[in-house]
Structures are given as structure tokens and as C-alpha cells.
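Read off the chains here:
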Amino acid sequence: MAGQVLGAVEAFYDCMGETYDYARALKFYSAAAENTAVAYTSFHPLTRKVTVYGAHNFDPEALQGWRPSKVKCDAMERMVKAATTIPVCVPIMRRTLVPDSMWECSKTYERVSKPWGYHDDGSSILAKNMLKISTCGFARLPGQSALSTNALASMAYMNKHLVRATSLHQRISKTEEMLLQSNTILDLVEFGIVMFGADRRVKYSNAAAKRIFEESDGISYDADGLKIEASKTDEQFCALLSAICDTDVPHSDRLGGMLSIPRRSPLNSYVISLVPVFETSQSEEGIAAVAFISDPRKRQTTAISLLSKTYGFTATESELAISLISGQSLHTIADNRGVSYNTVKTHLHSVFSKTHTKRQAELTSLLLTSMAGVSIRPTA
């Protein structure tokens, strides 16, 4: 018996795949529980709907008998009320909740048990909340003896692992679905997205970035990483990426930046924005920086319009933000506009307030992310 139980537990985890193989898992469960008929179901208390995920040794018609019925059944009502008090994973005999005298007079018994001679039946609550109760129902077949104490103990042990295996499968499925959705969304974005690890190697690139690399029009990618044909621009990009990935550099100095990438063709240069990811653990598996590569042909809006709609900037505040991400200092901005340094600082504090930032480095990082794929010219 012990060997069968351990074999069943191993099977529970082996049943994880694109979908969980309930039928196979319950086949092993049944064998380890003296060939008892078992069914994995969910019960919805409000609608009385029963969903069968898998079964072994139960007749399909018997399982269909659990469908909602308009006929009130006192035995069924008693079991539903008792479900809230039954301990999770503990196999409970039905007769402890509903005596045989009441059960055998019920409409439910006529539909799910009597025609097939099921007896010594019960259920294990595997998980429960206000809307759904997951159960592993069981019953003995005609000619089979009553369940032994050892069998019930084995079922209690297997229940815990069955819950863990199915819960783990659900978490993995949700994670895979989220990853698939996020990758799909990133592939729909018009501008290129490239993620770098702390080792400065490319960890991810979306479909738009791959199309840009395939064109080899001033920027490409190989085993060593991102390659910019213009040597001076390549050096500047490498310096920005190194500053972000260097753990000895304070966060306040890891600003990233924006560069113009000349192309072989007569088309306008690409614009690449490099921003740090401060939450990274700086391990090789983490993401330390993200580059946004935009093609002027794909630009759909202007920076003035985007910043105005996103953060509620005035035209003056938007121009200040554009000057900052272009690398200008506050003194240079003041001189270019013919205004005082204090006036520029006043506008800067207003920008801080609207973006919920406190430092210029934090603001620049946020704006670089927001501006990816957008023209920094004041007009389209």
C-alpha cells in the first residue's frame, strides 16, 4: 500500500503539462485507495453546478446525476451546509453528515448512487471559498468491502499532494499565460525594445527591434551584443550602458541617455533611449537596462503632445522636459530661453510635482521611458 501511495503522489506531479491530466492522476489515486471510485469536481454553492474534471471507476451517467436540479433535496442541502465546516483534505464519509435513512430516500441518491450500487461514499474538500468548492468524491463499488482505516489515511495523505500538484499547475499556467501575453504586447509595439542584463548582454528583444537589426542600417546585433556602426556613437552607447551596469556607480549617476544613430541609407537617424532598471538584483539573470529604438518613419506623435496628454505639462514645461532629456543643464536652458535660472527651477519643480518625482535623475529616467519612439521635435 505504501508503495502505491508514493507512486500515486509521484504521478500527481507528472500529470502537469499543457493541461492537467486528471484522469491519469485519479487512476493512481484509486489504485492506492483499494480501487475506490474517485472523481475530482468543483461545486458552486450558489448555482449548485458541479463541474467534473476527471474520474476513475465512476459511471459517467452517475456523475451527470450531480447536475443542478429544481427538486429540493434535504440530504443535498445538509451536505452543502456542512461543507463550510469540513476540514480541508480530510476524507469525510457521507453518513457522518447525512444518515443512510435520509440519503436513500433522497432524489439525489436515485440519480447518482442507487442504479450503480455505490456505497460507503464520501468526499474530501480540497479547497473552498465563497464561490467554489473543489472536492475529490469517492464511493465503493458493488462487491467491495467498506473502506479500511488505512485507505482513508492514504487518501488524506494523497489529497494534500493532489492539491499541491494542481495548484502548482495552475500557477505555472497563469505565469506562462502572462509571459505569453506580455511578449505578444511587446511585439505589437512599433519601437524596438532591447533588455540588457547586468553582464551587458542582450536578454530580450521584441519583434520591432529584430526587424531593425535585420535591416543592418547603422545598427545590428551579434553574439557580443548591440553594434552601432558609427564608432563615436557606439562608444557613447557603451559608456552609458557601462555606467548603468557598474555596481560601483551610484544610482544617481546611472541616468542613461538618448543618442542619435546615423544610418547607411539617406533616411533620418534612429533614436535610441537607454534607461536603467534600478530594481534589478544586478545578477546575470536580471534586467539592468532597457533600450528603446525608434525609427522616425514610425513616429506617430510629438513630444509636446505626448507630455501634455500624459502628465498635463504646459508647453513651457514640455519644452523644459525635452531639453533635459537632450542633456542640457538648467543654466544652459535658462540662457537659451533668455530667462533667469530661478524661473527654470520653478518650472522644474512644477514638472517634479506632476510626475511625482523628486530628483532630476529620477525625472530623466521616467521621461526617457515615456519618450521612446516619439519625435523630440516640437512639431510632427
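Relevant structure appears above.
Residues numbered from 1 in each chain as written. Predicted model: local features only at pLDDT ≥ 70, side-chain atom pairs only at ≥ 80, totals over all residues. Heavy atoms only, no water.

Draft legend 1. Structural view of the sheet that holds strand β7 (residues 202–205). Spatial ordering of the open sheet is given by β7-β6-β12-β11-β10, a layout of five strands whose pairing is antiparallel. The two strands at the open ends of the sheet, each matched to only one other strand, are β7 and β10 (257–261). Here the strands of the sheet are splayed against their neighbours by 20 degrees on average, with no regard to which way each runs. With six bridges connecting them, strand β11 (residues 270–276) and strand β12 (residues 289–294) associate as antiparallel partners. Bridged to Val275 within β12 is Val290. (Pairing = 2+ DSSP bridges. Helix = DSSP H or I, 4+ residues; strand = E, 2+ residues; numbered from the N terminus. Axes fitted to C-alpha atoms, helices over the stretch in contact; angles between N-to-C directions.)

Draft legend 2. Quick look at the pattern of salt bridges. The full count for this structure, using the stated rule, is nine salt bridges. For Arg94, the salt bridge is made with Asp121, and the minimal N-O distance between the two is 3.1 Å. Taken together, the residues Arg94 in the loop between β3 (91–93) and α5 (100–103) and Asp121 in strand β4 (residues 119–128) connect sequence positions 27 residues apart. The exposure classification of Arg94 matches that of Asp121, with both residues buried. Across the pair Asp199 and Lys203 runs a salt bridge whose closest N-O atoms are separated by 3.5 Å. According to the relative accessible area criterion, Asp199 is partly exposed, its value standing at 25%. One salt-bridge network, in which partners are shared between bridges, spans Arg94, Asp100 and Asp121. (Salt bridge = Lys/Arg side-chain N within 4 Å of Asp/Glu carboxyl O. Buried < 20%, exposed > 50% of the residue type's maximum accessible area, 1.4 Å probe, protein only.)

Draft legend 3. Seen up close, the environment of Tyr118. On the secondary structure map, Tyr118 appears in the loop between α6 (107–112) and β4. In this structure the C-alpha to C-alpha distance between Tyr118 and Ala62, which are 56 residues apart in sequence, comes to 9.7 Å. At 2.9 Å, the side chain of Tyr118 and the backbone nitrogen of Asp59 are in polar contact. (Polar contact = N/O pair within 3.5 Å; in protein donor to acceptor, adjacent residues only side chain to side chain.)

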